Amino acid sequence: QVQLVESGGGLVQAGGSLRLSCAASGGIFSINEMAWYRQAPGRQRELVALITSGGNTNYADSVTGRFTISRDNTKNTVYLQMNSLKPEDTAVYYCYAHAVSAGPAYDYWGQGTQVTVSS
C-alpha cells in the first residue's frame, strides 16, 4: 500500500519561507506526476504545483515566482520550497502522487500539513 508522508509545515510570518517534503513508500514500481495541492477553510482544494517524472513543472499563477517544486526520484520524494509567503498562502497542503504499485496507476494523497502565515 503506497503511503505519502508530508513534513515541514508550520507557522511563519509573512515574507518568510518554508520547505515542505513528501516521501512516498510502500511497494512502489514507478511514480508519474507528483504535486502539491492546498485547501484553505471554506475553499476548494486547488493545485499549487506539479512536477512530472521528467522534471517538467507547472504552477498556479498565485505562487509562480515564489514557490519551487522539485523531486528526488531516487528517494520517491517531492519538495515544495515556499518563499515570500503571504497570509493568503495559509492552508492545509496535501501531497499527491500518481503511482504504479501492485496494480495499475492510481492517485495517492498524503494526510496534509498545515501552513499558517501570519501578517
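Residues numbered from 1 in each chain as written. Predicted model: local features only at pLDDT ≥ 70, side-chain atom pairs only at ≥ 80, totals over all residues. Heavy atoms only, no water.

1. Considerations on the state of the cysteines
No. 1: Within this structure, the stated rule accounts for one disulfide.
No. 2: Here cysteine 22 engages in a disulfide with cysteine 95; their sulfurs sit 2.0 Å apart. Torsion about the S-S bond of the cysteine 22 and cysteine 95 cystine: about -85°, corresponding to left-handed handedness. Highlighted residues: cysteine 22 in strand S3 (residues 18–25) and cysteine 95 in strand S9 (residues 91–100), separated in sequence by 73 residues. Side by side, cysteine 22 and cysteine 95 carry an identical accessibility label, which is buried. (Disulfide = S-S within 2.5 Å. Helix = DSSP H or I, 4+ residues; strand = E, 2+ residues; numbered from the N terminus. Buried < 20%, exposed > 50% of the residue type's maximum accessible area, 1.4 Å probe, protein only.)

2. Remarks on the side chain of glutamate 6
No. 1: Mapped onto the elements of the fold, glutamate 6 is located in strand S1 (residues 3–7).
No. 2: One buried charged side chain, glutamate 6, makes no salt bridge at all; its nearest oppositely charged neighbour is arginine 45, positioned 7.8 Å away.
No. 3: Within the structure, glutamate 6 has its side chain in polar contact with the backbone nitrogen of glycine 112 (distance 2.8 Å).
No. 4: The contact partners of glutamate 6, leaving out residues within four places of it in the chain, are Ser21, Cys22, Trp36, Tyr93, Tyr94, Cys95, Gly110, Gln111, Gly112 and Thr113. (Lys, Arg positive; Asp, Glu negative; His and termini not counted. Salt bridge = Lys/Arg side-chain N within 4 Å of Asp/Glu carboxyl O. Polar contact = N/O pair within 3.5 Å; in protein donor to acceptor, adjacent residues only side chain to side chain. Contact = heavy atoms within 4.5 Å.)

3. Some thoughts on the pattern of salt bridges
No. 1: The full count for this structure, using the stated rule, is three salt bridges.
No. 2: Among the ionic pairs, aspartate 89 bridges to arginine 38, the shortest N-O distance being 2.9 Å. Placement of aspartate 89 in the loop between strand S8 (77–82) and S9 and of arginine 38 in strand S4 (residues 30–39) is noted, with a sequence separation of 51 residues between them.
No. 3: Using a relative accessible area of 1% as the deciding quantity, one classes aspartate 89 as buried.
No. 4: For arginine 38, a relative accessible area of 6% translates into the label buried.
No. 5: A salt bridge links arginine 66 to aspartate 89; the nearest nitrogen and oxygen atoms lie 2.8 Å apart. You can see arginine 66 sitting in the loop between strand S6 (57–59) and strand S7 (67–72) and its partner aspartate 89 sitting in the loop between S8 and S9, a full 23 residues away along the chain.
No. 6: Residue class for arginine 66 comes out buried when judged on its relative accessible area of 12%.
No. 7: Linked through salt bridges whose partners overlap, the residues forming this network are Arg38, Glu46, Arg66 and Asp89.

So yeah, pure geometry; function would need other evidence.
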